[in-house]
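# Coordinates in review
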Amino acid sequence: MNQEPVVLEQNGHIATIRLNRPEELNALNYETLVRLGEIVDQLQFESKQSRVVIVAAEGRAFCAGADLKERRTLNEQQVRRNVRKIRDVFTAIERLPQPTIAAINGYAFGGGFELALACDFRYAVQEAMMGLTEVSLGIIPGAGGTQRLSRLIGPSKAKELILTARKISASAAMEFGFLNGVAENQEQLTELTHCLANEILANAPLAVYQAKYAIDKGSSVDMQTGLDLESKAYEVIIPTKDRVEALEAFREKRKPVFQGE
């Protein structure tokens, strides 16, 4: 098995970031965060080849959160370094132009839950357990959890999960509005995430990226500013070859062949 703490796999236009510390339940130590950040930076500049990104994990856990064994050995300055690093890496994932899909194959606690929050879509196996459990450890979510979860499911529901440090099942996560779907097993989880990825891949990649950009940027501003952002995103698409290809394909009654240009 590859000994890298995080590996990057490529299957056509689908890139899979795979956490690779199964014995440690894919807990996030500093080495893992550095490698994850390097891969995300790489994908940022490979959007023509890697058009959809899946975040997955080896073993029986998606990610158990911060590596508490490492955390016990760190001084306060090093703790601050780690917290800043995980926050910056997850923000970089959120800002990837490509749509991102979290495939939650098991436990997703603390930073693992926050990693899934940084993705655009989330699917989990039915036996998965998840939650932001930081307050039970004397800390708070520090990788965007307080902000992303409240924006996703509303402040009241977010407080219910965060302030109780509650661990919830996949079915409960669906009810809270955290997940896009639940799979019966790992095989179906892979099927669901790849099915969504392929649906997205059927469309013009530059249009997909600009639509994601308009939604993400517009979600935190007033309506008029959001409409202005949408207009600017549309302007980016007008001179593209893919827009012309779509019109030609419609005229010729065939499926368009998009090149990301």
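The coordinates are above.
A short tour of the structure in this document, coming up. Just so it is clear, the model here is predicted, and its values are computed rather than measured. (Residues numbered from 1 in each chain as written. Predicted model: local features only at pLDDT ≥ 70, side-chain atom pairs only at ≥ 80, totals over all residues. Heavy atoms only, no water.)

### Comments concerning the overall build of the chain
Counting its secondary structure elements, the chain contains 11 helices and 10 strands. Taking 18 Å as the expected radius of gyration for a compact globule of 261 residues, we find that the chain reaches 19 Å, a close match to that expectation. Considered along the principal axes of its C-alpha atoms, the chain spans approximately 60 × 45 × 35 Å. Within the chain, the fraction of its 261 residues that count as buried is 46%. Taking the contacts inside the chain whose residues are at least 6 apart along the sequence as the reference set, 67% of them involve residues at least 24 apart. Within the structure as shown, the chain displays about 13800 Å² of accessible surface, and the carbon and sulfur contribution to it stands at 52%. Looking at charge distribution, the chain has the averaged site of its 31 positive side-chain charges lying 4 Å from that of its 34 negative ones. (Helix = DSSP H or I, 4+ residues; strand = E, 2+ residues; numbered from the N terminus. Rg over C-alpha atoms; globule rule 2.2 N^0.38 Å. Buried < 20%, exposed > 50% of the residue type's maximum accessible area, 1.4 Å probe, protein only. Contact = heavy atoms within 4.5 Å. Areas by Shrake-Rupley, 256 points an atom, 1.4 Å probe, with all protein chains shown as cover. Lys, Arg positive; Asp, Glu negative; His and termini not counted. Charge placed at Lys NZ, Arg CZ, Asp CG, Glu CD.)

### Overview of the layout of surface pockets
In this structure, the largest pocket occupies an estimated 1200 Å³ of space. Elements supplying a minimum of two residues to the lining of the largest pocket: α3 (76–94), β7 (121–125), α5 (145–153) and α9 (205–218). Among the elements that make up the lining of the largest pocket, the one with the highest residue count is α9 (nine residues). A breakdown of the residues in the lining of the largest pocket according to their chemical character gives 15 nonpolar, eight polar and 10 charged. (1 Å grid on protein atoms, 1.4 Å probe; cavity = no way out; pocket = protein on both sides within 12 Å on 5 of 7 lines; lining within 4 Å. Points joined across faces, edges and corners; volume = space filled by probe spheres on them. Nonpolar A, V, L, I, M, F, W, Y, C, P; charged D, E, K, R; others polar.)

### Concerning the nonpolar core
Among the nonpolar cores identified, the biggest contains 60 residues, and Phe62, Phe90, Ile104, Met130, Leu149 and Phe178 are the most heavily contacted of them. For this core, the element with the highest residue contribution is strand β3 (residues 52–57), accounting for six residues. With near-sequence residues (within four places) excluded, Phe178 lies in contact with Ile104, Phe113, Ala116, Leu117, Arg122, Met130, Leu149, Leu152, Ile153 and Ala173. (Core = buried A, V, L, I, M, F, W, Y, C linked by side-chain atoms within 4.5 Å.)

### A short note on the sheet that holds strand β10 (residues 181–183)
Here we have six strands laid out as an open sheet, ordered β1-β2-β3-β5-β7-β10, and mixed in their pairing. Lying at the two open borders of the sheet, with one neighbouring strand each, are β1 (6–11) and β10. Here the average twist between neighbouring strands, direction ignored, is 20°. Pairing between β7 and β10: three bridges, direction parallel. Counted as the bridge partner of Tyr123 is Gly181 from β10. The sheet contacts of helix α8 (residues 186–201) involve β2 (14–19), β3, β5 (100–104), β7 and β10, and relative to β7 the element is tilted by about 160°. (Pairing = 2+ DSSP bridges. Axes fitted to C-alpha atoms, helices over the stretch in contact; angles between N-to-C directions.)

### With respect to unusual backbone geometry
The phi dihedral of Asn26 falls on the positive side, at around 55°, and the residue is not glycine. Mapping Asn26 onto the fold places it in the loop between β2 and α1 (30–44). Judged by relative accessible area, which is 2%, Asn26 ranks as buried. In this structure, Lys253 takes a positive phi of about 55° despite not being glycine. Inspection of the secondary structure assignment puts Lys253 in the segment after α11 (241–252).

### Topic: the pattern of salt bridges
For the structure shown, the criterion picks out 16 salt bridges. For the salt bridge of Arg35 with Glu38, the shortest nitrogen-to-oxygen distance reads 3.2 Å. Here the residue Arg35 and the residue Glu38 both occupy positions in helix α1, the gap between them amounting to three residues, near one helical turn. Take Arg35: its relative accessible area is 24%, and that puts it in the partly exposed class. A single network of salt bridges, built from pairs that share partners, joins Glu245, Glu248, Arg251, Glu252 and Arg254. (Salt bridge = Lys/Arg side-chain N within 4 Å of Asp/Glu carboxyl O.)

### Describing the environment of Gly181
Looking at the secondary structure, you find Gly181 in strand β10. As for Gly181 and Ala170, which are separated by 11 residues in sequence, their C-alpha atoms are 8.8 Å apart. Dropping the residues within four chain positions of it, Gly181 is found in contact with Arg122, Tyr123, Ala124 and Met174.

### Examining the pairing of β1
Taken together, the six bridges between β1 and β2 define a ladder with antiparallel strand orientation. Opposite Glu9, over in β2, you have Thr16 as the bridge partner. Where β1 folds back onto β2 in an antiparallel hairpin, the turn is made up of two residues, including Gly12, whose phi is positive at roughly 65°.

### Points about helix α6 (residues 155–164)
For α6, every residue scored as buried is listed here: Ala158, Leu161 and Ile162. Along the axis of α6, the buried residues cluster in a sector spanning 90°; they form a single face. What points out from α6, more than 90 degrees from its buried face, is the exposed set Ser156, Lys159 and Leu163. Where α6 is buried, its residues meet α5, β9 (168–169) and α7 (170–176). Count one or two residues on from α6 and you reach Ala165, which has phi positive near 55°. (Arc of directions from axis to C-beta.)

Shape is all these values report; function is a separate question.
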